[in-house]
Amino acid sequence: MALLEIKNVVKRFGDFTAVDNVSLSIEAGEFFTLLGPSGCGKTTLLRMLAGFEAPDEGQILLDGQDMSRVPPEKRPVHTVFQSYALFPHMTVRQNIAFPLKMAGWDAKKIATQVDELLEDVRLTQFGDRYPHEMSGGQRQRVAIARALVDRPRLLLLDEPLSALDAKLREQMQLELINLQKEVGITFVYVTHDQGEALALSHRIAVMNNGQVEQLDTPETIYSYPKNRFVADFIGQCNVLDAEVAAVGGDDTMTIAIKGCGQMRVRAKAGAAPGQKGWFALRPEKIKVGRALPSDADEAHFKGRVNDCLYRGDVTIYMVEVGDGVLIETMLPNSAPGLAKLFDDDDSVEIAWRFDAGSFVTE
C-alpha cells in the first residue's frame, strides 16, 4: 500500500474548481513533485494534504487513514513555506527545538534531536545565530530542519527555493536531494519551475486546470510528453502541426508534418490515419551540420539558419525548412575558443532519429 493515496479529490471555491477529481499515489521515501503553472491547482492540493483546506469530495489517505477532516496539528505532516516562517527572536537551535518543546519533550531529548538535525543540514556551527544573521540558503535549511525535527511521515515543500538566486537555488537542489536520501522521509514538493522538478524528483505530476495531465518519471515526461500541454510546458520543444498518414505493424507509424512532408515516428497507442495532432521534438535531439550523411532511421531536411541565440554553454539555431517551417535546434559549445558554428542565412542540414520525438494530441 502506498504511503499517501489521493482519491478523486475535488476542491471548489464558489463556481471555480481548483482541483478537479485528482487521484494519485505516493510511495514511502519518494521525492514527489506537483508541477504546473500558476493557478493549476498544485498549491491548493498541497494545502489539502497539510490540512489547511478540506476537500469538497474525495479522500486523502495517509497510511490507510482518511485525513480529509483531521486538523493540521493532528497530522504527522509538516510544511516548509517559501517565506521560511522562522521566529526572528529565536536562535537557530531554538527555532528547530520549538515543535518538540510544544509537544512536551524532555529537554535532554530535545537537545539530542536538535543536534542531529543541525548535523543533517550542515549547520552545526550556526546553532546560536539568529535568522537575520544567516543567508537565504541557510535560513531555508533551518526551516527544513524544524519541519523534520519530530520525524513526520510526510514533508510538504511549497516553492521553498523560489526566493533564492539561480546559483544558490542549484546548490540547494543538490542539498535537498541528499537530505531526502539521508532522512528517508517522503517529500511532496510544489513548484512551477520545470528544471527544478526534473532535477529533484523521482516522479512528477504535471497539473493544469486542476487536473493531472501526466504522472511519470522526469525522464519519461521530458522525452515522451503525453499531450501538447506537457510538451509545451516542460522545457524547450518544437511542436509542429502533424497528421497521422499510416500506422505500421512495427511499432512505428507515418505522420505528415505541415510544410515538411511525411516521416516515420514512434507509434502512439490508439492512433489512426487522419488523426490530427502535433509532433513534439526536443531541440537537443536534432543533428545540425553543413552536410549530414543519409540514414534510413532518420528524417533529413535541408534548410537555412534563420536566427541564432548564444547562451554560453549552448547555441540555439532556428533553422527554416520546407514551406517556411522553423525548427529550433541546439548545439553544445564544447569546442575551444569561439564556439559559434553557423551564421544567419547559412545553408545547413538537420536530421533526427525516427524515435527522437512523439506524436501528441490535446
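These numbers were taken from a predicted model, which means no experiment stands behind them.

Novice: Please give an account of the overall build of the chain that cites residues and values.
Specialist: A count of helices and strands for the chain gives 8 helices and 20 strands. Its C-alpha atoms give the chain principal-axis dimensions of about 75 × 55 × 35 Å. Burial statistics for the chain: of 362 residues in total, 49% are counted as buried. Partitioning the intrachain contacts of the chain with sequence separation of at least 6 by distance along the chain shows that 65% fall at a separation of at least 24. Element-wise, carbon and sulfur atoms account for 48% of the exposed surface of the chain, whose accessible area totals about 17,100 Å². Separation of charge centres in the chain, based on 39 positive and 51 negative side chains, amounts to 4 Å.

Novice: Any chance you could break down the sheet that holds strand E15 (residues 287–289) for me, citing the residues and the numbers?
Specialist: Read from one edge of the open sheet, 5 strands run E15-E19-E16-E17-E18, paired in antiparallel fashion. Here the strands that pair on one side only, and so sit at the sheet edges, are E15 and strand E18 (325–332). Across the sheet, the mean angle separating the axes of adjacent strands is 40° when strand polarity is ignored. Relative to strand E17 (residues 314–321), strand E16 (residues 298–310) runs antiparallel, the two sharing 7 bridges. Counterpart to Gly303 in the pairing with E17 is Val321.

Novice: Describe the UniProt feature "domain: ABC transporter" (unreviewed entry) in the chain, and please don't skip the residues or the numbers.
Specialist: As recorded in UniProt, the sites labelled "domain: ABC transporter" (unreviewed entry) are residues 4–234. End C-alpha atoms of residues 4–234 are separated by 26 Å, and the span's content is 36% helix alongside 26% strand.

Novice: Kindly report on the nonpolar core, identifying the contributing residues and their values.
Specialist: Of all hydrophobic cores here, the largest spans 36 residues; its most connected members are Ile96, Ile144, Leu148, Leu155, Leu157, Leu176 and Phe187. Of all the secondary structure elements, the ones that give two or more residues to this core are helix H2 (92–102), helix H3 (107–120), helix H4 (136–148), strand E7 (154–158), helix H5 (166–183) and strand E8 (186–191). Ranked by the residues each element gives to this core, the list is headed by H4, at 6 residues. Not counting the four nearest positions on each side in its chain, Leu157 is found in contact with Leu46, Val80, Ile144, Leu176, Phe187, Val188, Tyr189 and Val190. Formed by 29 residues, the second largest nonpolar core is a distinct cluster that contains Leu240, Ala271, Val348 and Ala356.

Novice: Describe empty space enclosed by the protein, listing the residues and the values that go with them.
Specialist: One pass over the structure, following the stated rule, counts 3 cavities of 30 Å³ or more. Approximately 70 Å³ is the volume found for the largest cavity. What lines the largest cavity is Asp120, Val121, Arg122, Gln140, Arg141, Ile144, Met172, Glu175, Leu176 and Leu179. Residue assignment for the lining of the largest cavity shows that the elements contributing at least two residues are H4 and H5. Ranked by residues supplied to the lining of the largest cavity, first place goes to H5 with 4 residues. Of the residues contributing to the lining of the largest cavity, the split by class is 5 nonpolar, 1 polar and 4 charged. If you add up the space inside the second largest cavity, you get close to 40 Å³. Along the walls of the second largest cavity sit Tyr222, Ser223, Pro225, Cys237, Ala280, Leu281, Arg282, Lys285, Ala356, Gly357 and Ser358, which together make up its complete lining. When contributions to the lining of the second largest cavity are tallied by element, the ones reaching two or more residues are helix H7 (218–223) and strand E14 (276–281).

About the cut-offs
Residues numbered from 1 in each chain as written. Predicted model: local features only at pLDDT ≥ 70, side-chain atom pairs only at ≥ 80, totals over all residues. Heavy atoms only, no water. Helix = DSSP H or I, 4+ residues; strand = E, 2+ residues; numbered from the N terminus. Buried < 20%, exposed > 50% of the residue type's maximum accessible area, 1.4 Å probe, protein only. Contact = heavy atoms within 4.5 Å. Areas by Shrake-Rupley, 256 points an atom, 1.4 Å probe, with all protein chains shown as cover. Lys, Arg positive; Asp, Glu negative; His and termini not counted. Charge placed at Lys NZ, Arg CZ, Asp CG, Glu CD. Pairing = 2+ DSSP bridges. Axes fitted to C-alpha atoms, helices over the stretch in contact; angles between N-to-C directions. UniProt positions renumbered as here; feature names shortened; annotations may be inferred. Core = buried A, V, L, I, M, F, W, Y, C linked by side-chain atoms within 4.5 Å. 1 Å grid on protein atoms, 1.4 Å probe; cavity = no way out; pocket = protein on both sides within 12 Å on 5 of 7 lines; lining within 4 Å. Points joined across faces, edges and corners; volume = space filled by probe spheres on them. Nonpolar A, V, L, I, M, F, W, Y, C, P; charged D, E, K, R; others polar.

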